[in-house]
Amino acid sequence: MLTVYFLITGVGIGMVPMVVLSTVQNSVPAAGLGAASAVVTVARSIGAAFGVAVFGTLLNAGFADRTSGLPTAGGFATARPDTIGRRLSLGRARPRRRGSPPCS
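Each value, and the rule that gives it
Residues numbered from 1 in each chain as written. Predicted model: local features only at pLDDT ≥ 70, side-chain atom pairs only at ≥ 80, totals over all residues. Heavy atoms only, no water. Helix = DSSP H or I, 4+ residues; strand = E, 2+ residues; numbered from the N terminus. Buried < 20%, exposed > 50% of the residue type's maximum accessible area, 1.4 Å probe, protein only. Areas by Shrake-Rupley, 256 points an atom, 1.4 Å probe, with all protein chains shown as cover. Expected span 1.5 Å × (residues − 1). Contact = heavy atoms within 4.5 Å.

Caption draft 1: Local environment of the overall build of the protein chain. Counting its secondary structure elements, the protein chain contains three helices and zero strands. Going from N to C terminus, the protein chain has its helices and strands arranged as α-α-α. Expressed as a percentage of the 104 residues in the protein chain, the buried residues total 7%. Just so you have it, the protein chain exposes about 9,000 Å², and 70% of that area is on carbon and sulfur atoms.

Caption draft 2: Inspection of helix α2 (residues 33–67) at higher detail. Taking 1.5 Å as the rise per residue, α2 with 35 residues should run 51 Å; its terminal C-alpha atoms sit 50 Å apart, in good agreement. Within α2, burial applies to Ala 36, Ser 37, Val 40 and Gly 62. Each element contacted by the buried residues of α2 is listed here: α1 (2–26).

Structure follows, in structure tokens:
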């Protein structure tokens, strides 16, 4: 059922930009069509950027609140960039013997 709601919302939101652009283009003289289209596009881009920033912040804050009581990865060794190449063996499949130095 959630998929149906997402589909309806997506189709509705997908139709809005064309209606707005057509309305703006019909309300200006022919000489100003390019400028009017540009203003609509810039406004939509700025609105999308702010929307992503605001909702990303809200999602991050909610995620941080919900995960604050979970155990951390303190018992795990963190990956160091200088050892990644050696751990991947730089594309060579060489088995490492016990006690031998890492691949170089």
